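Structural description and commentary
Listed below are the residues making up each chain.
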Amino acid sequence: MKALVISGGGSKGAFAGGVAQYLIEGLDREYDIFVGTSTGSLLISHLALGKIDKIRTIYSNVNQKSIFSNCPFKIKRRHGADIITMNHRNIIKNFIKGSKTFGESENLRKLIRNSITIEEFNELKEGIKDIVVTVSNLSLNQVEYKSINDFTYDEFLDWIWISANYTPFMSLVRKNGCEYADGGLGSLVPIEEAIHRGATEVDVVVLHTEVSYYNKMPSRNPFELLTSMFTFVLDRIENQNIRIGKLVANQKDAIINLYYTPAILTTNSLIFDKEKMTRWWKRGYLYAKNKNAESMPIQPEIQE
């Protein structure tokens, strides 16, 4: 059985979409299991359906308003770089409403519903492919994996949305008596889950460089400090997930093919820029194509 695993990474999910497009269309890979975390959860339903053009169009046209119903930060362009500052007005408005987070992402929930029709959901549920999204149960302090086979249309869309809610900047969701948040807080690269579900070969898209190439500039405001702290924590989770995944794969005689981003795409994946995401999708496709071309054995020349 083959599985496709896509890690979390916010706007960098466009790169993962390009990689997946080449694997599915360029190499004719047929996957039995799709496991996603955060932005990976947003991609996998359409990838499983083979509707790659549809999800590429979605990722090439989103912006901040597509995601946030109340955005907790402002983006300013200075000297060719994006500067992130706190939107105090929106944050205070959110707290007055009784919210526990700085911002809200109700628009993302609407986008998911508009993107996945009930007909598409039924097609997936009636098929043989397993679509799994990762969520973090903060109340029970555990990671949970939600399969499309176990839920109704609206319930599964909720889990996709929850998987991509990067708290405390996006919505904290209370469901079934528990508080849930982004799956990446517990399992950013869910290789282990794919193998536990029977995968013997796993293609994994990791939305991070394999080696860290830069030192971050000092934080200029509380928002940048928070994002730097979360980036640090998520990097540690990612490394742990990959190490555990390799260990489990070795025990189960499974094959893992890793696709990292070859360069730093962005230092803040909460910025959704249509032009950049369109370019990242193309880069992901070309990267996967070149990587597989390099790994192919050279055929010896036939002597006449």
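Structure report, in brief. Because the structure is predicted, anything quoted here is derived from the model rather than measured. Throughout this description, residue numbers start from 1 for each chain and increase along the sequence as written. Note on the predicted model: pLDDT of at least 70 is required for a residue's local features to be given, and 80 or more for side-chain atom pairs to be given and counted; whole-chain, interface and lining totals, by contrast, use all residues. Side-chain calculation: all heavy atoms of the structure are included, whereas hydrogens and water are not.

1. Examining the packing of helix α6 (residues 106-115) against helix α8 (residues 153-163)
When two helices pack together, their arrangement is given by the angle between their axes and by how far apart the axes lie. It is the contact of α6 with α8, at a shortest axis distance of 10 Å, that shows an interaxial angle of 130°. With respect to their mutual orientation, α6 and α8 come out oblique. Between α6 and α8 the crossing geometry is right-handed. Seen from α6, the contacting residues are E106, L108, R109, I112 and R113; seen from α8, they are Y153, D154, L157, D158, I160 and W161. Angles run from 0 to 180 degrees between N-to-C directions of axes, and those axes are lines fitted to C-alpha atoms, restricted for helices to the stretch in contact. Runs of H or I in DSSP of at least four residues are treated as helices and runs of E of at least two as strands, each being numbered from the N terminus. Angle categories are assigned with fixed cut-offs, so that under 35 degrees is roughly parallel, over 145 is roughly antiparallel, 65 to 115 is roughly perpendicular, and the rest are oblique. If you view the pair so one helix is near and one far, a crossing is left-handed when the near helix is turned anticlockwise from the far one by less than a right angle, and right-handed when it is turned clockwise. Any two residues whose heavy atoms approach within 4.5 Å at even a single point are treated as in contact.

2. Examining the pattern of salt bridges
Oppositely charged side chains are able to pair whenever their charged atoms sit close together. One speaks of a salt bridge when a side-chain nitrogen belonging to Lys or Arg is within 4 Å of a carboxyl oxygen belonging to Asp or Glu. In this structure the tally under the stated criterion is 12 salt bridges. Residue D130 pairs with R197 through a salt bridge whose shortest N-O separation is 2.9 Å. Of the two residues, D130 is situated in strand β5 (residues 130-137) and R197 in the loop between α9 (191-196) and β9 (201-206); the sequence distance between them amounts to 67 residues. To sort residues, take the accessible area from a 1.4 Å probe on protein chains only and compare it with the maximum for the residue type: under 20% means buried, over 50% means exposed, and anything in between is partly exposed. For R197, a relative accessible area of 28% puts it in the partly exposed group.

3. Regarding the side chain of H46
Relative to the helices and strands, H46 is located in helix α2 (residues 39-49). Judged by relative accessible area, which is 2%, H46 ranks as buried. Whenever a nitrogen or oxygen atom comes within 3.5 Å of another N or O atom, the pair is scored as a polar contact, on the condition that within protein one atom can donate a hydrogen and the other can accept it, and that pairs from neighbouring residues in sequence are kept only if both atoms are in side chains. Looking at H46, its side chain comes within polar contact range of the main-chain oxygen of S115, at 3.0 Å. Apart from the residues lying within four places of it in its own chain, the contact partners of H46 are K51, I52, K54, I55, I58, S115, I116 and E120.

4. Concerning the packing of aromatic side chains
Any aromatic ring pair is given by two values, namely how distant the centres are and how the planes are angled relative to each other. Here is the rule: rings of Phe, Tyr and Trp (six-membered ring for Trp) pair when centre to centre is within 6.5 Å. Planes less than 30 degrees apart are stacked, more than 60 are edge-to-face, and the remainder are tilted. What the rule picks out here adds up to 14 aromatic pairs. For the pair Y166 and F169, a centre-to-centre distance of 5.6 Å together with 50° between the ring planes defines the contact as tilted. Exposure class is identical for Y166 and F169. Each is buried. Stacked on the ring of W159, the Lys or Arg K146 has its end atom at 4.4 Å from the ring centre. Lysine NZ or arginine CZ positioned within 6 Å of the ring centre and within 35 degrees of the ring normal marks a charge as sitting over the ring. Over the ring of Y259 we find K291; its NZ or CZ atom is 5.6 Å from the centre of that ring.

5. Quick notes on the pairing of strand β8 (residues 178-182)
For β8, a buried count of 5 out of 5 residues is recorded, marking the element as mostly surrounded by other parts of the structure. Strand pairing is defined by DSSP finding a minimum of two bridges between the two strands. Relative to β8, β5 runs antiparallel, the two being bridged by 3 bridges. Note that in β8 the partner of N137 across the bridge is Y180. The pairing of strand β7 (residues 173-175) with β8 spans 3 bridges and is classified as antiparallel. Paired with V173 across the strands is Y180, a residue of β8. The turn joining β7 and β8, which pair antiparallel and follow one another in sequence, is formed by 2 residues; a positive phi near 55° is taken by N176.

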